[in-house]
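Results of the structural survey
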Amino acid sequence: MEPIRKFNRFELKYLLSMEQTREFKQQIEAYMLPDQYAWDSGVYVISSLYYDSPDLQCYWEKIDGLKFRKKLRVRIYETEENLTEDSMVFVEVKQRYDKTIQKRRIAIPYRDAVTLCDEHHLPDEYDERDRPVMEEVLGMIEERKLQPTLITSYFRHAYTGTDFDNGLRVTFDSNIKYRVNDLDLASKNPGRYIVSPDRVILEIKVNERVPYWLTELIAQNNYRLIRISKYCTGIDVANEFPQKIEVY
């Protein structure tokens with residue numbers, strides 16, 4: 001697994017019904033390609049462990065709408081195999097600067113992710129190209145006293161752009177769940193729903209601009225942008241104060 005270590009992009013999100021999802025997938029299949037890393041069913045499962053401070057600084061930065069904010073997570077792409085110390089995982093710093101998403105990530109064995117994020121020191125062996133991200137992670141943990149806070153998991157059906165739309169990704173996330181206990185990525189505990197199980201989060205991710213054909217489809221379907229964070233909504237639901245999804 002050779003990760004892209006850093007990239008910038010824009011993200012647009014929409015909340016769809018199951019019927020809208022089926023229709024939109026049919027509409028974009030003429031323009032896009034199925035994700036090559038998906039299972040035979042066309043989907044895969046993502047689980048992410050989010051870190052936050054004891055006073056939930058990352059959560060409140062999102063809620064307060066800070067234009068510059070960032071968060072730390074460890075992400076796995078689930079397989080039929082159980083997660084072991086040797087399993088490869090992503091350690092990611094996801095940063096927002098105004099409307100631009102900046103992500104820095106490394107792919108390392110799970111044991112090294114635990115060493116880095118939970119034991120707070122560098123692994124014994126690592127790729128020197130990963131050192132800048134590792135040091136940034138350690139700096140974030142020390143500055144904010146970050147600790148494991150919440151796990152999200154969901155099914156993702158993804159499409160990628162052709163050579164004409166390089167960098168374009170369209171994803172459909174469903175069966176979106178969270179848990180604030182049992183914060184072990186190796187656990188198969190499914191948790192509770194973040195959003196209604198009959199709803200799907202559509203995300204459009206682009207490096208520079210949304211292709212014209214895609215903006216036309218969005219307009220024709222009358223989809224409305226939403227502002228939603230799986231992590232923040234999970235925190236809200238866990239505290240039984242559901243966050244209002246902003247539509248605009």
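In this text the structure is predicted, and so the values were computed from the model without any measurement. (Residues numbered from 1 in each chain as written. Predicted model: local features only at pLDDT ≥ 70, side-chain atom pairs only at ≥ 80, totals over all residues. Heavy atoms only, no water.)

**Examining the environment of Arg96**
- Note on placement: Arg96 falls in strand β5 (residues 88–97).
- Its relative accessible area of 23% is what places Arg96 among the partly exposed residues.
- Between the C-alpha atom of Arg96 and that of Val133, which follows or precedes it by 37 residues, the distance is 16 Å.
- Setting aside its immediate chain neighbours within four residues, Arg96 contacts Lys67, Phe68, Arg69 and Ile101.
- A polar contact of 3.3 Å, which involves the side chain of Arg96, links it to the backbone oxygen of Asp98. (Helix = DSSP H or I, 4+ residues; strand = E, 2+ residues; numbered from the N terminus. Buried < 20%, exposed > 50% of the residue type's maximum accessible area, 1.4 Å probe, protein only. Contact = heavy atoms within 4.5 Å. Polar contact = N/O pair within 3.5 Å; in protein donor to acceptor, adjacent residues only side chain to side chain.)

**Regarding the pairing of strand β3 (residues 43–52)**
- Of all 10 residues in β3, 10 are buried, a share of seventy percent or more.
- The alternating pattern of β3 places Val43, Val45, Ser47, Leu49 and Tyr51 and Tyr44, Ile46, Ser48, Tyr50 and Asp52 on opposite faces, both of which are buried.
- Alignment of β3 against strand β7 (residues 147–161), held across 10 bridges, turns out to be antiparallel. Bridging from a neighbouring strand, Tyr50 pairs with Leu150 of β7. (Pairing = 2+ DSSP bridges.)

**As for the pattern of salt bridges**
- With the rule as written, the count across this model stands at 20 salt bridges.
- Taking the shortest distance from any N to any O, the salt bridge between Glu78 and Lys188 comes out at 3.3 Å. Of this pair, Glu78 sits in the loop between β4 (68–77) and β5 while Lys188 sits in the loop between β8 (169–179) and β9 (192–193); the two residues are 110 residues apart in sequence, bridging distant segments of the chain.
- Overall, the relative accessible area of 15% leaves Glu78 in the buried class.
- Where Arg111 meets Glu85, a salt bridge forms, and the shortest distance between an N and an O atom there is 3.8 Å. With Arg111 in helix α3 (residues 110–117) and Glu85 in the loop between β4 and β5, the pair connects residues that are 26 residues apart, well separated along the chain.
- Among the charged side chains, a network of salt bridges with common partners joins Arg156, Asp173, Glu203, Lys205 and Lys230. (Salt bridge = Lys/Arg side-chain N within 4 Å of Asp/Glu carboxyl O.)

**Section: the confidence of the model for the protein chain**
- In the predicted model, the protein chain carries a mean pLDDT of 91, and 94% of its residues have values of at least 70.
- Across the protein chain, the element-wise mean pLDDT spans from 63 in strand β12 (residues 246–247) up to 98 in α3. (pLDDT = per-residue confidence, 0-100.)

**A word on the nonpolar core**
- Core analysis: the largest hydrophobic core is formed by 25 residues, its most contacted members being Leu72, Val74, Val91, Leu116, Cys117, Val137 and Leu185.
- Secondary-structure elements contributing two or more residues to this core are β3, β4, β5, β6 (100–109), α3 and α4 (131–144).
- The element best represented in this core is α4, accounting for six residues.
- Discounting residues that sit within four places of it in the chain, Cys117 has contacts with Tyr51, Leu72, Val74, Val91, Val137 and Ile141. (Core = buried A, V, L, I, M, F, W, Y, C linked by side-chain atoms within 4.5 Å.)

**A closer look at α3**
- Among the eight residues that make up α3, six are buried, leaving the element largely enclosed by the rest of the structure.
- Of the surrounding elements, those touching the buried residues of α3 are β3, β4, β5, β6 and α4.

**Remarks on the packing of aromatic side chains**
- Summed over the entire model, instances satisfying the criterion amount to 10 aromatic pairs.
- Measuring from ring centre to ring centre gives 4.9 Å for Tyr59 and Trp60, while their planes differ by 85°; the resulting arrangement is edge-to-face.
- What makes Tyr59 buried here is its relative accessible area of 8%.
- When the ring of Tyr159 is compared with that of Phe172, the centres are 6.2 Å apart and the planes differ by 85°; the resulting orientation is edge-to-face. Of this pair, Tyr159 sits in strand β7 while Phe172 is found in strand β8, placing the two residues 13 residues apart along the sequence. A single burial state applies to Tyr159 and to Phe172, both of which are buried.
- An aromatic cluster is present here, built from Tyr14, Phe24, Tyr159, Phe172 and Tyr223 joined pairwise through their rings.
- Of note, Lys25 hangs over the ring of Phe172, and the distance from its end group to the ring centre comes to 5.3 Å. (Phe/Tyr/Trp six-rings, centres within 6.5 Å; stacked < 30°, edge-to-face > 60°. Lys NZ or Arg CZ within 6 Å of the ring centre and 35° of its normal.)

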